[in-house]
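Observations on the three-dimensional arrangement
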Amino acid sequence: MTVGPPRALRVLGPGKVRLEPQAPVAAAAGQVLVEPDLVGVCGTDLEIIDGTIDPAYIRYPLALGHEWTGTVTGEHPLAGRRVVVEGVIGCGHCVRCAAGQTNLCDTYDEIGFTRDGAAASQIAVPETLVHPLADSVAAQDAVLTEPAAVVYRALARARVGPGCRALVIGDGTIALLVVLLLKLWSPAEIAVLGRRAEQADLAAAAGADSFSLTDAASGCDLVVEAAGATAAVETALTKVRRGGTVLLVGLPPHGQTVAMAADDTVNNDLTILGSFSYTSAAWRAVVTLLNSGQLRPGTLITHRYPLAEWEQAIAALRGAAGPRGKVLLEIR
Ligand SMILES: [Zn+2]
Ligand SMILES: [Zn+2]
């Protein structure tokens, strides 16, 4: 049951965030009504709040919340079940959707970006995107499904081979998820080039073999840029071996460019990959890993706040001292 009157954490426009009463939400035909339990916040939410996100990917005003898990409510066969819900809403009939590339649908539509997100007491979502979870899956693991799907899709795209020597640049939640998920591909070594010494223990717990702030091995088979910084992209290009792959998962600020020696890219036979969001297949793969107990990303959670204390959650996200992994809002 919802505790207290219905509320939603809304961004009215850049710099204008309010916790507001939420009008009753009704599920239309083909929709399911869900009561969110936990919502993760991330750097992209900060970009939405600050107005620094690429305007092509946002529609104000909206409720925040694209990383979440909830419980189905109302008159529905799934009522009472914990679920996660794919946020990318493909049209289902364009060429990209037909090819399974739902992340590249001709019409960009995503929960928490172009329509209301889940930092609210209730949300109505398309029934086809609802994934029930096994009773054994804890909400604190399920809430990380979205960023895990983003990372899973990127790593699958990079065709990581067993025995791979990997370098992960960055030490935020996405970088830590890269380390956690890379293990599924049986790498020989995962090194992390971090930014804050306080993140070393989190990186080790995720499965990193080494953590450094200053130097990292060169000649890596795979270098993953997960810091979301243009300088990190430039570093990545110097750390990859000939014939290796640079995978860009982080999202540097909109409009910044990177200096790149184009001839080195040719001479070194490099593969440079970007990966946008996740496909339905990647989402299903993560749900399978959660349901089978092979993936428990809740270990990366370091901060939790009731929805009413959302300002502290945002402050923690911007720069809490000490170890900082996933920051959560408890909706109910
Ligand atoms: Zn996010
Ligand atoms: Zn489509």
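Residues numbered from 1 in each chain as written. Chains lettered and ligands numbered in written order. Predicted model: local features only at pLDDT ≥ 70, side-chain atom pairs only at ≥ 80, totals over all residues. Heavy atoms only, no water.

Focus on the environment of Ala-308
As for its position among the elements, Ala-308 is in the loop between strand 15 (301-306) and helix 10 (310-319). The spacing of Ala-308 and Leu-193 is 115 residues in sequence and 35 Å in space, taken between C-alpha atoms. Once residues within four sequence positions are removed from consideration, Ala-308 is found in contact with Arg-7 and Leu-19. (Helix = DSSP H or I, 4+ residues; strand = E, 2+ residues; numbered from the N terminus. Contact = heavy atoms within 4.5 Å.)

Thoughts on the coordination of the zinc ion (ligand 2)
Distances from the zinc ion (ligand 2) to its protein donors, Cys-91 (SG), Cys-94 (SG), Cys-97 (SG) and Cys-105 (SG), fall within 2.3 to 2.4 Å. Considered as a linear motif, the donors of the zinc ion (ligand 2) on their single chain read C-x2-C-x2-C-x7-C. Separated by 11 residues along the polypeptide, Cys-94 in the loop between strand 6 (82-85) and helix 2 (95-98) and Cys-105 in the loop between helix 2 and strand 7 (123-126) bring together distant segments of the chain. Cys-105 carries the same exposure label as Cys-94, and that label is buried. (Donors = N, O, S within 2.8 Å, 3.2 Å for Na, K, Ca; no water. Buried < 20%, exposed > 50% of the residue type's maximum accessible area, 1.4 Å probe, protein only.)

Quick look at the sheet that holds strand 13 (residues 240-248)
Taken in spatial order, the six strands make up an open sheet running 11-10-9-12-13-14, and their pairing is parallel. The sheet terminates laterally at strand 11 (210-212) and strand 14 (271-274), the two strands that pair on one side only. On average, adjacent strands in this sheet sit at an angle of 20° to one another, irrespective of strand direction. Against the sheet, helix 5 (residues 173-182) touches strand 9 (165-169), strand 10 (189-193) and strand 12 (220-225), its axis set at about 160° to strand 9. On the sheet, helix 7 (residues 230-239) packs against strand 9, strand 10, strand 12, strand 13 and strand 14 and is oriented at approximately 155° with respect to strand 13. (Pairing = 2+ DSSP bridges. Axes fitted to C-alpha atoms, helices over the stretch in contact; angles between N-to-C directions.)

Examining the domain arrangement of the protein chain
As far as domains go, the protein chain holds domain 1 (7-148 + 278-330) and domain 2 (159-274). Using only C-alpha atoms to locate each centre, domain 1 and domain 2 end up separated by 26 Å. Between domain 1 and domain 2, the residue contacts involve 20 residues of the former and 15 residues of the latter. For the pair domain 1 and domain 2, the interface holds zero salt bridges. Where domain 1 meets domain 2, there are five residue pairs in polar contact (both at pLDDT 80 or more). Class assignment for the residues of the side of domain 1 that touches domain 2 results in 11 nonpolar, five polar and four charged. (Domains from an automatic or database assignment. Salt bridge = Lys/Arg side-chain N within 4 Å of Asp/Glu carboxyl O. Polar contact = N/O pair within 3.5 Å; in protein donor to acceptor, adjacent residues only side chain to side chain. Nonpolar A, V, L, I, M, F, W, Y, C, P; charged D, E, K, R; others polar.)

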